[in-house]
Amino acid sequence: MTAEDEGVDKEAGTGVAALILAAGAGTRMGGPKALLEFRGRLLIERAIDSARAGGCGQVMAVLGAAAGEVQRRADLRGARVVVNQGWNEGIGSSLRAGLAELTRDTEVDETETAAVDASLVLLVDQPLVGADAVRAVLGAWRAGARLAAASYGGRRGHPVLLGREHWSAAAREAAGDVGARAFLAAHAAQLVFVPCDAIADPRDLDVPADLNL
């Protein structure tokens, strides 16, 4: 069955759900990264806006450390929240939590999430990977790619797109802080690189000085 058969509008991007991985404690930053302010906005709010503006039909924010505080302080409108109770196991656990939630949704035909054809993974601590990069990787999906990733200097980066037929395998291989890295390396022949050097900056925020990027 094709995406079109299931009511996915590729032009509108409704078949792609963004997964924003935002569960980290940000120990070196003095608090959860989701609540860090960068250029006047909280990181989680920037990521949600980027996913929406870039064309994702749905947005899921995977929280973990201080999840309750993040939900109180941040404007999470436009996103569905999933709390990863095992966040301290590393980013791989957040990827598994998000993909598991999407998988449960797609098994219920009557829900709007049943039409989700792919997930687009974003990291909350990469605020300069914005709507333009999201839009570019979605373009590869519209062209038929089932695995795609932004590239910077010829190296794989984020966003990363996973067709839903890959979710279970990607989740199985997601461990510790490697996320989908092992899965993507094993499927390199299928992975479409989308050069994003001119439209995004993949540097992440790890120490307080990085907030001055």
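Right, let's walk through the structure included here. Quick caveat: nothing in here was measured; it's all calculated off a predicted structure.

**Examining the overall build of the chain**
Then, in step 1: Counting its regular elements, the chain contains six helices and nine strands.
Then, in step 2: In terms of C-alpha radius of gyration, the chain reaches 16 Å, essentially the compact-globule figure of 17 Å for 213 residues.
Then, in step 3: Overall, the chain is about 50 × 40 × 30 Å in size when its C-alpha atoms are taken along their principal axes.
Then, in step 4: Counting over 213 residues, the chain shows a buried share of 54%.
Then, in step 5: Expressed as a percentage of contacts within the chain between residues at least 6 apart in sequence, the contacts between residues at least 24 apart total 70%.
Then, in step 6: Surface exposure of the chain reaches about 9,500 Å², of which carbon and sulfur atoms provide 48%.
Then, in step 7: Across the chain, 22 positive and 28 negative side-chain charges occur, with their mean positions spaced 5 Å apart.

**Section: the nonpolar core**
Then, in step 1: Ranked by internal contacts, the top residues of the largest apolar core, which has 44 residues, are Val16, Ile20, Ile44 and Leu161.
Then, in step 2: Examining the composition of this core, we find that six residues originate from one element, helix H4 (residues 131-142), more than from any other.
Then, in step 3: Counting 26 residues, the second-largest nonpolar core is a separate cluster that includes Ala17, Val116, Val160 and Ala180.

**Some points on the pairing of strand S7 (residues 147-152)**
Remember that side chains alternate between the two faces of the sheet whenever the strand is regular.
Then, in step 1: Within S7, six of the six residues are buried, which leaves it mostly tucked inside the rest of the structure.
Then, in step 2: Burial of S7 is two-sided: the residues Leu147, Ala149 and Ser151 facing one way and the residues Ala148, Ala150 and Tyr152 facing the other way are all buried.
Then, in step 3: As paired elements, S7 and strand S8 (residues 155-163) share five bridges and run antiparallel to each other. Among the inter-strand pairings, Ser151 is bridged to a residue of S8, identified as Arg156.
Then, in step 4: Connecting the antiparallel pair S7 and S8 is a turn made up of two residues, with Gly153 showing a positive phi of about 60 degrees.
Then, in step 5: Relative to strand S9 (residues 192-195), S7 runs parallel, the two being bridged by four bridges. Looking at the pairing, Ala149 lines up with Phe193 of S9.

Rules of the game
Residues numbered from 1 in each chain as written. Predicted model: local features only at pLDDT ≥ 70, side-chain atom pairs only at ≥ 80, totals over all residues. Heavy atoms only, no water. Helix = DSSP H or I, 4+ residues; strand = E, 2+ residues; numbered from the N terminus. Rg over C-alpha atoms; globule rule 2.2 N^0.38 Å. Buried < 20%, exposed > 50% of the residue type's maximum accessible area, 1.4 Å probe, protein only. Contact = heavy atoms within 4.5 Å. Areas by Shrake-Rupley, 256 points an atom, 1.4 Å probe, with all protein chains shown as cover. Lys, Arg positive; Asp, Glu negative; His and termini not counted. Charge placed at Lys NZ, Arg CZ, Asp CG, Glu CD. Core = buried A, V, L, I, M, F, W, Y, C linked by side-chain atoms within 4.5 Å. Pairing = 2+ DSSP bridges.

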